[in-house]
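Descriptive structure summary
So the chains spell out like this:
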Amino acid sequence: MSERFEEQEYNTDSLDTKLWSKILKLLWIHKKDLFVLYGFMIMLAFVDVSFPLLNRHAIDNFVIGNAKENEVLIFALVYLGFVVWQSFNVYYFIKRAGKIEMNFAYDVRQKAFTKLQELSFNYYDKTPLGWIMARMTSDITRLSEILSWGLMDMVWGFSVMFGITIVMLITNWKLAMLILMVIPVLWYISVYFQTRILKTYRDVRKVNSKITGAFSEGISGAKTTKTMAIEDLNLDEFKTLTGEMRQRSIKAAVLSALFMPLVTGLGAISTAGILVVGGQQVLLGAIQFGTLMLFTQYAAQFFEPLRQIARLLAELQMAQASAERVLSLMNSEAQIVDHPHVIERFGTILQPKTENYPKMDGEVEFRNVTFYYNPQEPVLTDFNLKVQRGQTVALVGETGSGKSTIVNLLCRFYQPVEGSILIDGVDITERSIGWLHSNLGYVLQAPHLFSGTVAENIRYGRLDATDEEVEDSAKMVNAHNFITKLEQGYLSDVGEGGSRLSTGEKQLISFARAVLADPAIFVLDEATSSIDTETEQIIQHAIDTLLVNRTSFVIAHRLSTIVSADVILVIKKGKIVEQGTHQELLRLKGSYYRLYTNQFQEDLQNQLLQLKPE
Ligand SMILES: Nc1ncnc2c1ncn2[C@@H]1O[C@H](COP(=O)(O)OP(=O)(O)OP(=O)(O)O)[C@@H](O)[C@H]1O
Ligand SMILES: [Mg+2]
């Protein structure tokens, strides 16, 4: 087994400034949009701070005092201007923030996806697919939300608080102190509650994702559950999960319910203080009534930005895990990479210099290769093998003996820990991965098709192939017949992962793809699944066609493939224990003979039956 994947625990107790500065670097490429956005937020804050001032003017001059008619008109126009400006501002910042959110997510997803394409097999061995999917979707969404809307709110919030403080201090510093005194208490309460509320919601989400997982396991595993009669076990587990969900949701609701009245209460206290102190001053004639109104409005207005900033800080803390995971994905190092001097000559996978690619002959050598997935469990030790160009090598051996590993190394999906693999006498690490893979065809045990049409799937073998060439290669492997019987022939949709086709059909399409690519080396990890005799024969014929004129490694379970091989290697615990042709190995009366007599008897009988005339 590969080493277990362990998710790190992330720090969510304090704000990790180093981490966020790395994330801000990713945001920096959108700086133009950001600055414009923040400019608008500051102007919006200016408008928000101005409205109470306008109100004061109206109260002092129009309600209490006696202003001239055209003064009122001018005031109304100014007021209208502010309202229009505010509306425009709101429209514009929503548009901008949305744009930044989308661009950031697009950009980070693009980078992460490129990274995923570069990473080697061992990354996928130890990283669960679900983990990667969550990073690519919800984590990136979360980050881009916070970085666009969250930071924007913060800029607005600070500007509003700053503006209000200045205006208050200038107007009447004593009354200002009454409001400012409440701030530390309000701040403390906000941070305390927001952090807890968010934490509880995060717990709820965690349990929720477990529930979703249980749902999908319950549904996809329904048949197994029923045949094993473990319905009650599943139900118990499910009950525990949903119970936990209910408990945590209630906790979140209680916290939210406590928070609002506390804050409103504090606001009311500070307003009351202003009314008492300010009211006396109005009576004494020290301040005007409008000023008193201004302060009560500001007292109420102060709270919203404060709450938003507290919320954002808490959100940033919670999102630290997302940020860290996204960064860890983007910073993962591909373990199998070409040397710089190789890249210089042959280019990268995404930008290959195919004009420098030497032609591959197909002579293969494993020289003193040692390899393991985990140091504790060596798979190959000091493995040696030499294959002439054009030869067919059949690998046989019991399950787990290392057959797939040998071809995985040849394909450079993994690299030897010691020793080297040579093609045409040159170490494969001296030629680029791109060169290797463009000269190598690999049909897996479970062939993979991409969503799209049959023709598209065959054309992956060689992207510039014409329709005729696609059809010819299908004909060569006898896939043409079944394809033309499909509803839309070559243009039929194969479904996600080829789900609309049978395994045998998927295999034939993979063979057609390989024929079209015409690689110098062909690798076949043959499927063990039993296929009906007719398809079996078609596939056998396809394999024979593919083996002609190229070096082939066949991990075979079919007797007929093995018998016609130039060399049969019997692999046991990562070592070649026997090597030779079918006849030679039978005469040895060793492992191969036993394997042959046990495993292939049935096969043999089937063949004899078919040979018999009815
Ligand atoms: N990705 C991996 N991570 C860790 N260990 C692995 C991995 N793939 C294979 N192994 C281990 O390496 C050993 C050889 O496996 P390999 O897949 O090469 O066997 P095989 O001969 O192809 O078997 P089968 O006939 O079942 O396909 C086994 O012990 C297996 O458990
Ligand atoms: Mg295998």
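The sections below set out a description of the structure shown in this document. (Residues numbered from 1 in each chain as written. Chains lettered and ligands numbered in written order. Predicted model: local features only at pLDDT ≥ 70, side-chain atom pairs only at ≥ 80, totals over all residues. Heavy atoms only, no water.)

Looking now at the site of ligand 1. The full set close to ligand 1 counts 15 residues, and Thr399, Gly400, Lys403, Ser404 and Thr405 are the nearest of them. One of the backbone N or O atoms of glycine 402 is found 3.0 Å from an oxygen atom in ligand 1. Relative to its free-state accessible area of 630 Å², ligand 1 is covered by the protein chains to the extent of 71%. Taken together, the residues of the shell around ligand 1 sort by class into four nonpolar, eight polar and three charged. (Near = heavy atom within 4 Å. Polar contact = N/O pair within 3.5 Å; in protein donor to acceptor, adjacent residues only side chain to side chain. Areas by Shrake-Rupley, 256 points an atom, 1.4 Å probe, with all protein chains shown as cover. Nonpolar A, V, L, I, M, F, W, Y, C, P; charged D, E, K, R; others polar.)

Turning our eyes to something else, we now look at the side chain of arginine 550. Note on placement: arginine 550 falls in the loop between helix H17 (533–547) and strand E8 (551–555). At a separation of 2.8 Å, a polar atom in the side chain of arginine 550 contacts the main-chain carbonyl oxygen of proline 519. Setting aside chain neighbours within four positions, we find arginine 550 in contact with Gly390, Gln391, Asp518, Pro519, Ala520 and Phe522. (Helix = DSSP H or I, 4+ residues; strand = E, 2+ residues; numbered from the N terminus. Contact = heavy atoms within 4.5 Å.)

With that settled, consider the packing of helix H5 (residues 129–171) against helix H6 (residues 173–220). With their axes 10 Å apart at the nearest point, H5 and H6 run at an angle of 165 degrees to one another. In terms of their interaxial angle, H5 and H6 are classed as roughly antiparallel. Crossing handedness for the pair H5 and H6: right-handed. Here Arg142, Thr165, Met168, Leu169 and Thr171 of H5 lie close against H6, whose contacting residues are Trp173, Ala176, Ile179, Leu180 and Arg205. Looking at the contact of H5 with H6 residue by residue, the class counts come to six nonpolar, two polar and two charged. (Axes fitted to C-alpha atoms, helices over the stretch in contact; angles between N-to-C directions. Parallel < 35°, antiparallel > 145°, perpendicular 65-115°, else oblique. Left-handed = near helix turned anticlockwise from the far one by under 90°.)

This part covers the sheet that holds E8. Strand order in the open sheet formed by six strands is E6-E7-E8-E3-E9-E10, with mixed pairing between adjacent strands. A single partner strand is all that each edge strand has here, and the edge strands are strand E6 (440–443) and strand E10 (575–580). With direction set aside, neighbouring strand axes in the sheet form an average angle of 15 degrees. Note: strand E3 (residues 392–396) against strand E9 (residues 567–572), four bridges, orientation parallel. Looking at E9, one finds that leucine 395 is bridged to leucine 569. Those strands touched by helix H11 (residues 403–410) are E3, E6, strand E7 (521–525), E8 and E9, and its axis lies near 150 degrees from that of E8. (Pairing = 2+ DSSP bridges.)

Inspection of the entire model under this criterion finds 23 aromatic pairs. On the basis of an interplanar angle of 85 degrees and a centroid distance of 5.9 Å, the ring pair of tryptophan 28 and phenylalanine 35 is categorised as edge-to-face. Each ring, one from phenylalanine 413 and one from tyrosine 442, has its centre 5.6 Å from the other, and the planes form 15 degrees; the classification is stacked. You can see phenylalanine 413 sitting in the loop between H11 and strand E4 (418–423) and its partner tyrosine 442 sitting in strand E6, a full 29 residues away along the chain. Clustering of aromatic rings is evident, with ring pairs tying together Phe121, Phe371, Tyr373, Phe413, Tyr414 and Tyr442. One Lys or Arg, arginine 135, reaches over the ring of tryptophan 131 and ends 4.8 Å from the middle of that ring. The aromatic ring of tryptophan 435 is capped on one face by arginine 431, whose charged end is 5.0 Å from the ring centroid. (Phe/Tyr/Trp six-rings, centres within 6.5 Å; stacked < 30°, edge-to-face > 60°. Lys NZ or Arg CZ within 6 Å of the ring centre and 35° of its normal.)

A separate point is the pairing of E7. A large share of E7 lies buried, amounting to five of its five residues. Burial along E7 is two-sided: the face carrying Ile521, Val523 and Asp525 and the face carrying Phe522 and Leu524 are both buried. Relative to E7, E6 is paired through four bridges, and the arrangement is parallel. Paired with glycine 441 across the strands is phenylalanine 522, a residue of E7. (Buried < 20%, exposed > 50% of the residue type's maximum accessible area, 1.4 Å probe, protein only.)

What follows deals with the sheet that holds strand E1 (residues 364–374). An order of E2-E1-E4-E5 is seen for the four strands of this open sheet, with the pairing classed as antiparallel. The open sheet has two free edges, formed respectively by strand E2 (377–387) and strand E5 (426–427), since each of these has just one partner strand. Of the pairings in the sheet, the one linking E4 to E5 comprises two bridges and is antiparallel in character. Looking at E5, one finds that isoleucine 423 is bridged to valine 426.

On to the nonpolar core, then. By size, the foremost hydrophobic cluster in this structure holds 72 residues, and its most contacted members are Trp20, Met168 and Phe302. Looking at this core, the elements that each hand over two or more residues are helix H1 (17–28), helix H2 (31–64), helix H3 (69–118), H5, H6, helix H8 (231–284) and helix H9 (289–330). When residues in this core are grouped by element, the largest group, 17 residues, is from H9. Here methionine 168 is in contact with Trp173, Ala176, Ile179, Leu180, Phe295, Tyr298 and Phe302, once residues within four sequence places are set aside. Counting residues in hydrophobic clusters, the runner-up holds 43 residues, among them Ile483, Val515, Ala556 and Ile562. (Core = buried A, V, L, I, M, F, W, Y, C linked by side-chain atoms within 4.5 Å.)

Further remarks concern the environment of alanine 323. With respect to the helices, strands and loops of the structure, alanine 323 is situated in helix H9. We classify alanine 323 as buried; its relative accessible area is 0%. In the structure, alanine 323 is positioned 210 residues away from phenylalanine 113 in sequence and 16 Å away in space, judged by C-alpha atoms. In this structure alanine 323 touches Leu19, Trp20, Ile23 and Leu143, once residues within four positions along its chain are discounted.

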